[in-house]
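Given next are the chains, with one letter for each unit.
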Amino acid sequence: MTEGANGGNPATTEPTKPGTVYLVGSGPGDPELLTVKAARLIDEADVVLHDKLPGPEILGRIPEAKREDVGKRAGGEWTPQEYTNRRLVELAEEGLAVVRLKGGDPFVFGRGGEEAEHLAAHGIPFEVVPGVTSAIAGPAVAGIPVTHRDHASSVSFVTGHEDPTKEESAVEWDALAATGGTIVVLMGVGKLPEYVAELRRAGLDGDVPAALVERATWPDMHVATGTLETIVDVRDSADISPPAITVIGEVAATRDRVIDFLMNASEEEGEE
Ligand code: SAH
């Protein structure tokens, strides 16, 4: 995209000129991990469309009057993506500066790509503002580096949301097992037993370290560690629920080697 569109001047005076939509990553939840640009755009926005993933601290700082929740509705159902897409276009066509705030990075499992394509198809100028993804930051704040010179020379980010036993699974668990690198699973709390079984079938040992990082960087962050053998029980006894990151691979054991000095370590509740 070469045209400058509304860049730098979203508060246009011409009523027919659409406002800009900013697809903004909020980072994992700690307000200090918002980028400077994200914080400025939130301040300047006329309206902020969000779900719950940016977390209570960041959302709590945005005035109610300019927030629109397009996450889960009262009945527990998700707002359809088509509604969000339509709403973004509608608000921009009113000439407003719109922030579409997404947890982590807007283009990592956040449907940000679909929203960008929808905006482009409707001629709405937009900008992508990358954020600190929970896929890397979640493990990091728990003392787990996703790569390590001695333990992992690659890392894969995968969704745990789909059923790994379905025939046309887009995630090749056996190929992932064969890489020997770190596997980071997003949206992977509910289906943990299924993909752990897939990885075991593909040849990964039961003693491969694994960790669950729930609500990374939120005030009530919660980490639990185990191995492929134990991690499902650990999930249940530690009562881990979404949003959480699953880390599988030798790097997950790093936490135990650094934890005594890790200042932001949360309680180990998976061990009892
Ligand atoms: N765009 C987001 C991911 C969206 S998918 C990002 O880059 O982080 C939603 C999944 O992200 C959740 O199911 C969970 O696996 C993960 N996630 C997002 N924020 C998280 C957090 N603060 N702590 C743990 N997991 C988080």
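Please read these numbers as outputs of a predicted model, since none were measured by experiment. (Residues numbered from 1 in each chain as written. Predicted model: local features only at pLDDT ≥ 70, side-chain atom pairs only at ≥ 80, totals over all residues. Heavy atoms only, no water.)

Novice: Before we go on, may I ask you to explain helix α3 (residues 81–93) in this structure?
Specialist: Every α-helix carries 3.6 residues per turn, so stepping three or four residues along brings you back to the same face. With 13 residues, α3 should reach 18 Å at 1.5 Å per residue; the first-to-last C-alpha distance of 19 Å fits that figure. The set of residues buried in α3 consists of Gln-81, Thr-84, Asn-85, Arg-87, Leu-88, Val-89, Leu-91 and Ala-92. Against the buried residues of α3 lie β1 (21–25), β2 (47–50), β3 (67–69), β4 (98–102) and α4 (112–121). (Helix = DSSP H or I, 4+ residues; strand = E, 2+ residues; numbered from the N terminus. Expected span 1.5 Å × (residues − 1). Buried < 20%, exposed > 50% of the residue type's maximum accessible area, 1.4 Å probe, protein only. Contact = heavy atoms within 4.5 Å.)

Novice: Which parts of the structure should I look at to understand the confidence of the model for the protein?
Specialist: As a general rule, the predicted coordinates of low-pLDDT regions are not to be interpreted in detail. On average, the protein scores 91 in pLDDT, and the residues at 70 or more come to 89%. Here residues 1–8 is a poorly scored stretch, pLDDT under 50, and it has eight contacts once near neighbours within four places are set aside; other chains count. (pLDDT = per-residue confidence, 0-100.)

Novice: How should the nonpolar core be read in this particular structure?
Specialist: General note: in soluble globular proteins, nonpolar side chains tend to be found buried as a group. If you look at the biggest cluster of nonpolar residues, it comprises 24 residues, and the most contacted ones within it are Trp-173, Ile-183, Leu-199 and Ile-248. For this core, the elements supplying multiple residues, two or more each, are α6 (173–179), β7 (182–186), α7 (192–201), β8 (209–214), α8 (231–237) and β10 (244–248). If we skip the residues at most four places from it in the chain, Ile-183 touches Ser-156, Val-158, Trp-173, Leu-176, Leu-199, Thr-246, Val-247 and Ile-248. Val-146, Leu-186, Val-247 and Ala-252 belong to the second largest nonpolar core, which has 17 residues in total. (Core = buried A, V, L, I, M, F, W, Y, C linked by side-chain atoms within 4.5 Å.)

Novice: Whenever I open this one, the sheet that holds strand β5 (residues 126–129) confuses me. Can you help?
Specialist: Remark on secondary structure: sheet strands pair via backbone hydrogen bonds, oriented parallel or antiparallel. Taken together, the five strands give an open sheet; going across it, the order is β3-β2-β4-β1-β5, and neighbouring strands pair in parallel fashion. This sheet does not close on itself; its edge strands, each paired only once, are β3 and β5. The mean inter-strand angle of the sheet, taken between neighbouring strand axes irrespective of direction, is 20 degrees. Of the strand pairs in this sheet, β1 and β5 are connected by four bridges, and their pairing is parallel. Paired with Tyr-22 across the strands is Glu-127, a residue of β5. (Pairing = 2+ DSSP bridges. Axes fitted to C-alpha atoms, helices over the stretch in contact; angles between N-to-C directions.)

Novice: Hey, could you run me through the pairing of β2 in this one?
Specialist: It is a general feature of regular strands that their side chains alternate between the two faces of the sheet. Of the two faces of β2, the one lined by Val-47 and Leu-49 and the one lined by Val-48 and His-50 are each fully buried. Where β2 lies against β4, four bridges are found, and the strand directions are parallel. Among the inter-strand pairings, His-50 is bridged to a residue of β4, identified as Leu-101. Sheet analysis places β2 next to β3, joined by three bridges and oriented parallel.

Novice: Just to check I follow, could you spell out the site of the ligand for this structure?
Specialist: Residues in close proximity to the ligand total 18 residues, the closest being Asp-105, Val-108, Thr-133, Ser-134 and Ala-244. One of the backbone N or O atoms of Gly-103 is found 2.9 Å from a nitrogen atom in the ligand. At 2.8 Å, a backbone N or O of Ala-216 approaches a nitrogen atom of the ligand. Protein burial of the ligand: of its 540 Å² of free accessible surface, 94% is covered by the chains. Residue composition of the shell around the ligand, by class: 12 nonpolar, four polar and two charged. Counting contributing residues, the shell around the ligand receives three or more from each of domain 1 (21–132) and domain 2 (135–260). (Near = heavy atom within 4 Å. Polar contact = N/O pair within 3.5 Å; in protein donor to acceptor, adjacent residues only side chain to side chain. Areas by Shrake-Rupley, 256 points an atom, 1.4 Å probe, with all protein chains shown as cover. Nonpolar A, V, L, I, M, F, W, Y, C, P; charged D, E, K, R; others polar. Domains from an automatic or database assignment.)

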